[in-house]
Amino acid sequence: MSLFAIVRDRIDPRTLEGAVWSDACGGVAMFLGVVRNRAHDGRSVSGLSYEAHEAMALAEFASIAHEAGERYPGVRLGIVHRIGELRIGEIAVAVCAASAHRAQAFDACRYAIDELKSRAPIWKKEHYTDGTGDWVANEC
Amino acid sequence: MLTVRVRAFARMRELLGEREFDLVLPEGATLVDCWEALRTRNNKVDSLASVTRIARNGRVAALLDEHVENGDEIALLPPVGGG
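Residues numbered from 1 in each chain as written. Chains lettered and ligands numbered in written order. Predicted model: local features only at pLDDT ≥ 70, side-chain atom pairs only at ≥ 80, totals over all residues.

Some details on the pairing of strand S3 (residues 53-56) of chain B
Residue and element names in this part refer to chain B. Here S3 runs beside strand S5 (residues 73-77); their pairing, made up of 4 bridges, is antiparallel. Within the sheet, the bridge partner assigned to Arg 56 lies in S5 and is Ile 74. Remark: 2 residues form the turn of the hairpin made by S3 and strand S4 (residues 59-60), two consecutive strands paired antiparallel; Asn 57 in that turn has positive phi of roughly 50°. (Pairing = 2+ DSSP bridges. Helix = DSSP H or I, 4+ residues; strand = E, 2+ residues; numbered from the N terminus.)

Digging into the sheet that holds strand S7 (residues 122-128) of chain A
All names here are of chain A. If you walk across this open sheet you meet the 4 strands as S5-S3-S7-S8, and the pairing is antiparallel. Of all strands in the sheet, those with a lone pairing partner are strand S5 (84-87) and strand S8 (133-136), marking the two edges. Strand-to-strand twist in this sheet, taken as the mean axis angle between neighbours without regard to direction, amounts to 25°. Where S7 and S8 come together, 4 bridges link them in antiparallel fashion. The residue of S8 that forms the bridge with Lys 125 is Trp 135. (Axes fitted to C-alpha atoms, helices over the stretch in contact; angles between N-to-C directions.)

Re unusual backbone geometry
All names here are of chain B. A positive phi angle is found at Ala 10, which is not glycine, with a value near 55°. Note that Ala 10 resides in helix H1 (residues 10-16). With a phi angle near 50°, Asn 57 is a residue other than glycine that sits in the positive phi range. With respect to the helices, strands and loops of the structure, Asn 57 is situated in the loop between S3 and S4.

Some points on helix H2 (residues 54-71) of chain A
An α-helical turn contains 3.6 residues, so any two residues separated by three or four positions project in the same direction. Counted at 1.5 Å a residue, the expected span for H2 of chain A with its 18 residues is 26 Å, and the 26 Å between its end C-alpha atoms agrees. Among the residues of H2 of chain A, Met 56, Ala 57, Glu 60, Phe 61, Ile 64, Ala 65 and Ala 68 of chain A are the ones counted as buried. Contact partners of the buried residues in H2 of chain A: strand S1 (4-7), strand S3 (45-52), strand S4 (76-82), helix H3 (102-119) and S7 of chain A together with S3 of chain B. (Expected span 1.5 Å × (residues − 1). Buried ≥ 20, exposed ≤ 12 C-beta atoms within 10 Å, placed from the backbone. Contact = placed C-beta atoms within 7 Å.)

Overview of the sheet that holds S5 of chain B
Residue and element names in this part refer to chain B. One open sheet holds the 5 strands; their spatial order is S2-S1-S5-S3-S4, and the pairing between them is mixed. Because the sheet does not close on itself, it has two edges, and the strands there are strand S2 (20-25) and S4. For strand S1 (residues 2-8) and S5, the ladder comprises 4 bridges, and the chain directions are parallel. Bridged to Arg 5 within S5 is Glu 73. Set on the sheet, helix H2 (residues 31-41) makes contact with S1, S2, S3 and S5; between it and S2 the angle comes to about 115°.

In short, the description is geometric, and any link to function would need to be established separately.
In structure tokens form, the structure reads like this:
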């Protein structure tokens, strides 16, 4: 499995973990972004749609990982984002950082998901239980 | 004349009615001309003008006076919401 991917099917975190981990890694930090049933404003959500400029998003993932590698030497990073229609409880994004020690794994994982949310050309539409929907931008 | 391939995402896609389409522009056209042509499809794109980034062949354009070339991909990128 590639370390960076845009997928249309279910994300398997263990597969990503396996792609990132090496014998030198004593710490693995995983962030999973999961579809929840409430919007920020409290509206009831029935599901999400994601779309992406895939080539640009993958290039952004690689840039983020390169930056993370400079900030946290030795860290190995994997990023997978799902697009299409997602239901409550499904994983939309998985970020996995593996390092010799836990601090760098946690920090790199946090850095990568924060940068992804502010930079990656990926869009999310919330579908509400009243039948309406809105595109939701991340607050950066 | 030259032809560029427009790729629109999220709200921009909805306003323009298609995910991808060709746009024919005069020789020497810039990204400003490209945007003007998009406005003729639906002038509601103006509502997103201040927040939409335009990428030419995968690179976000810093200035809209950049010239476009035949075969370019022009991507319209409204504020992102990944994660």
